[in-house]
Amino acid sequence: MTYAITQTCCNDATCVAVCPVNCIHPTPDEPDFGRTDMLYVDPAACIDCGACADACPVDAILPADALAAAGQEGYAEINAAFYEGRAPRPAAEGGPVLHSWGAPSFARTLPADFAPIRVAVVGTGPAGMYAAEDLLLHTGAEVTLIDRLPVAGGLVRYGVAPDHPATRRIGDTFARFHTHPRVRMYLGVDVGTDITASELAAHHDAVVYAVGAAGDRRLGVPGEELPGCVPAAGLVAWYNAHPEVAPDMVDLSGTERVVVVGTGNVALDAARVLVADPDALASTDIADHALSALRNSAVREVVLLARRGPEDLACTAPELLALGRLPGVRLVVDDHDPRAWAAIEAAAPGDKAALLRTAERERVDWPGTPRPGSGGTGERRIVFRFHSSPEEILPGAVRVTGAAGPVGMAAGLVLRAVGYRGLPVAGLPFDEATGTVPHRGGRIEKTPGGYVVGWIKRGPSGGIGANRACAAETVSTLLADAVGGALPSPSGSARAFGRLVRRRVGQVVDARGLAAIERAERARGEASGRPRVKLGTVPELVAAARSRRPRAR
Ligand code: NAP
C-alpha cells in the first residue's frame, strides 16, 4: 500500500523535501516542476512511511486504501499514470533527500557579521507569506508585515472556495509567522494611500510588494457594464465575506441560469458553489449572506463558455475531475460544434479533455429557461459549451456565438472568469500591457530596495504553492543585493515607522488584534458547528481586534 497525492495538492513541494526515497515528482529542481497540475507519488518507489502526508500543508496526501472513503478515488491511478513510460528515477541513497531550489546566486544565509536587515512585506497572502517565511527561516531579517485589510490572509482567506477547507489550511502554516519575534504587523494600512511607497522605503532596507492582482480582465463586448454582468472574482469575494463586497451583490433568486465565461479554476469554483447543495456548504466558513442566497437560489444550470476546445481547458485536471463527481449535478457537453466531442474522444488517457468522456453529450436547445433534468425537479447541471464566446450582454440574457450561428441564452447573471489583472501601486513602475511591475529576478526596475513577488510579479497564474519558488527567487535576489551593498540605508527606525503608521491610521490591527479576530470568528462558528463565521465588515473586524482576551483569574 502506498500514498497518493489528491485534488487539493498545492504544489509547494513541502512533501518533496521530507520524502526519504525521492518518490515525489516533479521536484523543484526538475524541468517539469511548475508545469504539471499537481505533484505525484511514484507507487513503485513509495515505502509507505507517511512522512509526506505528515508534512503536507493542505492534507492532500492519503494512503491509497483511504482514497475512496475521502471521495478521492482514482488518484492512485492518476499518481501512477504520471510515471508510466518514464525512466525510473534514481533511488535515494540514505535519507532524507534534501532538494535545493535551483542554484541560488549566493548562500541563502547572510554572513554571521552582517547586521540584520529590516524588510517590509506588503500583502499577507501566499506570495507575501512565503517571502516572509523564507526571510525569517534563513536570515536574521526583521520583517514588517503590512496589509490593506484589517485581517491577514489575502487569497487564502478571500480566494479559496469554502468547499476546499483543506486548501484553506495552508493559512495555518503562514499564521505561525504572524507571531514570530522578528515580525511587526500592521493590518489595515494601505500603501499608496495611508503611507507612500517612499515613506515605507525610508524606514526599511528593502520592501517586497506582494499585492497580487486585485483587478479583473474585461470581455470587451457590449453590455458588459450591465448590473447582471460581474467578475467571477467578485462572486468569490462575496461568498468568502470580503468586507468590500456588499452582501446583496448578487441575487440568485430570480434566475435559473448563470453563464460563466472562461474555464479556469476560478470559473469552476464559481460553477461548483452555485450548484452545490447548500446543506453541504452549511458546515463550511462560507459567508452567511451567501449561504442564505444559495438556499433561496433558483439557479439550476451553470453554463461554462469556452472560446476554444476541450483540449485547451484552462482549469487543472483535479478540479475538472471533482466537477464531474458533484452529487446531484449532471455534467453536460453541448454538442453544438462537432469539434468538441471529437476532441474529447481523441484525447489521450492522461489529457484533461479525456475526463469529459463521463459527461453527457447533448445538443442543447438554448432559448428559454433551462429544461428540467431527467432526475426531476431540483436537479442541477453544469454545461460546457466549447468554441463559443459572448457577443453581447443584454438585460437578463446573453448572446453567444455558435457553430450554427449566434444563440441567445436567458441568464440573469453573467460572470466574467477571464482572469485577474494587477493594478498599479502609486510610486512604482507598472507595465500596462501585462498588469505587472517590471522586474529582474524580483528586483523592481529603477527602484533600489524594491522587490515584487507573486501575481504582481509574474501575472495572475499559478495556484498557492507556485508562490513558494517565486518567493525563493525574489528573496535570493534581495539577499544578494544586501550582501553586495546595493540596498539603500533606511533613514527611519522601526519605531519611527510604527509612530508614522499610527498617526496616519487610527485603527491599525497588530498580531494581538489578529489573534482576537481569529478567536471571535472561531467562537461564532462553534455555536453552529462551523470552523468559523467570518466577520464581514471592516468595523466588525476592527472591533473584534480591539476586544482583548478576558484576564485569567
Ligand atoms: P485562467 O486560469 O487564466 O483562466 C482564464 C480563462 O478565461 C481561460 O479559459 C481563458 O481562455 C478565458 N478567457 C480569457 N480571455 C477571454 C475572452 N476575452 N473571452 C473568452 N474567454 C476568455 O484564470 P483564473 O481562472 O482566473 O485563474 C487564475 C489562476 O488562479 C490560475 O492559475 C488558477 O489555476 C489559479 N486558481 C487555482 C484554484 C485551485 O487550485 N482550485 C482556484 C482558483 C484559482 P483561453 O484559455 O482561451 O485564453
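The rules behind these values
Residues numbered from 1 in each chain as written. Predicted model: local features only at pLDDT ≥ 70, side-chain atom pairs only at ≥ 80, totals over all residues. Heavy atoms only, no water. Pairing = 2+ DSSP bridges. Helix = DSSP H or I, 4+ residues; strand = E, 2+ residues; numbered from the N terminus. Axes fitted to C-alpha atoms, helices over the stretch in contact; angles between N-to-C directions. Near = heavy atom within 4 Å. Polar contact = N/O pair within 3.5 Å; in protein donor to acceptor, adjacent residues only side chain to side chain. Areas by Shrake-Rupley, 256 points an atom, 1.4 Å probe, with all protein chains shown as cover. Nonpolar A, V, L, I, M, F, W, Y, C, P; charged D, E, K, R; others polar. Domains from an automatic or database assignment. Core = buried A, V, L, I, M, F, W, Y, C linked by side-chain atoms within 4.5 Å. Buried < 20%, exposed > 50% of the residue type's maximum accessible area, 1.4 Å probe, protein only. Contact = heavy atoms within 4.5 Å. Patch = residues over 30% accessible without salt bridge, like charges linked within 9 Å, V, L, I, M, F, W, Y side chains within 5 Å. Salt bridge = Lys/Arg side-chain N within 4 Å of Asp/Glu carboxyl O. Lys, Arg positive; Asp, Glu negative; His and termini not counted. Charge placed at Lys NZ, Arg CZ, Asp CG, Glu CD. Parallel < 35°, antiparallel > 145°, perpendicular 65-115°, else oblique. Left-handed = near helix turned anticlockwise from the far one by under 90°. Buried area = accessible area lost by both parts, 1.4 Å probe. Arc of directions from axis to C-beta.

What about the sheet that holds strand S17 (residues 397-400)?
Ordered by their spatial adjacency, three strands build an open sheet running S16-S17-S18, and the pairing between neighbours is antiparallel. Two strands bound the open sheet, and with one partner strand each, they are strand S16 (390-394) and strand S18 (407-410). Averaged over all pairs of adjacent strands, the angle between their axes in this sheet comes to 20 degrees, without regard to strand direction. The pairing of S17 with S18 spans four bridges and is antiparallel. Considered in S18, the bridge of valine 400 is made with valine 407.

Some words on the site of the ligand
Around the ligand, the structure places 20 residues, and the nearest of them are Thr263, Val266, Arg307, Arg308 and Gly462. Contact between the ligand and arginine 307: an oxygen atom at 2.8 Å from a side-chain N or O atom of the residue. Coverage of the ligand by the protein chains reaches 78% of its 920 Å² of free accessible surface. Broken down by element, the shell around the ligand gets its largest block of residues, three residues, from helix H10 (residues 265-275). Of the residues contributing to the shell around the ligand, the split by class is eight nonpolar, seven polar and five charged. Mapped onto the domain boundaries, the shell around the ligand takes at least three residues apiece from domain 2 (118-214 + 422-508) and domain 3 (219-416).

As for the nonpolar core
Soluble, globular proteins show a tendency: their nonpolar side chains are buried together. Counting 75 residues, the largest nonpolar core has Ile5, Ile24, Leu39 and Val119 as the members making the most contacts within it. Ranked by residue count, the leading element in this core is helix H4 (residues 126-138), at seven residues. Counting contributing residues per domain, this core is built from domain 1 (3-83) and domain 2 (118-214 + 422-508), each supplying no fewer than three. Setting aside residues up to four positions removed in sequence, valine 119 forms contacts with Leu135, Ala141, Glu142, Val143, Thr144, His204, Ala206, Val208 and Leu478.

A word on the pairing of strand S8 (residues 206-209)
Side chains Ala206 and Val208 of S8 all project onto a buried face; the interleaved residues Val207 and Tyr209 project onto the opposite face, where all are buried too. Sheet topology note: the strand S5 (residues 118-122)/S8 ladder contains four bridges and is parallel. Bridging across to S8, alanine 120 finds its partner in valine 207. In terms of strand pairing, S8 meets strand S23 (residues 450-452) through three bridges, oriented parallel. Bridge pairing in S23 places tyrosine 209 opposite valine 452.

So, a positive patch on the surface
A contiguous patch of positive charge on the surface is contributed by Arg512, Arg519, Arg546 and Arg548. Residue placement: arginine 548 occurs in the segment after helix H19 (538-546). You can call arginine 548 partly exposed: its relative accessible area is 44%.

Topic: the side chain of threonine 144
When you line up the elements, threonine 144 lands in strand S6 (residues 142-147). The exposure class assigned to threonine 144 is buried, which follows from its relative accessible area of 2%. Those residues in contact with threonine 144 that lie beyond four places of it in its chain are Arg118, Val119, Ala120, Val121, Arg184, Tyr186, His204 and Phe497.

Here we look at the sheet that holds strand S11 (residues 257-261)
Strand pairing in a sheet relies on backbone hydrogen bonds, with the paired strands running either antiparallel or parallel. Spatial strand order, S10-S19-S11-S12-S15-S13-S14: seven strands in an open sheet with parallel pairing. At either end of the open sheet lies a strand with only one pairing partner, and these are strand S10 (229-231) and strand S14 (360-362). Here the average twist between neighbouring strands, direction ignored, is 25 degrees. When strand S13 (residues 329-334) meets strand S15 (residues 380-385), the two strands line up parallel, connected through five bridges. Along S15, the bridge assignment pairs valine 333 with phenylalanine 384.

Re the packing of H4 against helix H16 (residues 466-483)
Contact pair H4 / H16: the axes reach a minimum separation of 8 Å and the direction vectors enclose 50 degrees. Judged by the inter-axis angle, H4 sits oblique to H16. Once H4 is placed against H16, the crossing between them reads as right-handed. Note on element contacts: H16 touches H4 through Asn467, Arg468, Ala471, Ala472, Val475 and Leu479, opposite Pro126, Ala127, Tyr130, Ala131, Glu133, Asp134 and Leu135.

Structural notes on the domain arrangement of the chain
Taken as a whole, the chain is organised into domain 1 (3-83), domain 2 (118-214 + 422-508) and domain 3 (219-416). One C-alpha centre belongs to domain 2, the other to domain 3; they are set 34 Å apart. Every contact between the two is made by 11 residues of domain 2 and, on the other side, 16 residues of domain 3. Summing both partners gives a buried area of about 1100 Å² for domain 2 against domain 3, and 53% of it is carried by carbon and sulfur. Contact with domain 3 buries surface across domain 2, with Tyr158, Pro162 and Asp163 losing the most and accounting together for 51% of the total. Inspection of the domain 2/domain 3 interface yields three salt bridges.

Structural notes on helix H14 (residues 338-346)
The set of residues buried in H14 consists of Ala340, Trp341, Ala343 and Ile344. Viewed along the axis of H14, the buried residues span an arc of 155 degrees, placing them on a single side of the element. Counted as exposed and oriented over 90 degrees from the buried face of H14: Pro338, Glu345 and Ala346. Looking at the buried side of H14, the elements it contacts are S13 and S14.

Remarks on the packing of helix H18 (residues 511-526) against H19
How two helices sit against one another is set out by the angle between their axes and by the gap between those axes. As a packed pair, H18 and H19 sit with axes 7 Å apart at the nearest point and diverge in direction by 105 degrees. By the angle class used here, H18 and H19 are roughly perpendicular. Of the residues in H19, those touching H18 at Gly513, Ala516, Ile517, Ala520 and Glu521 are Leu541, Ala544 and Ala545. Taken together, the residues that form the contact of H18 with H19 break down as six nonpolar, one polar and one charged.

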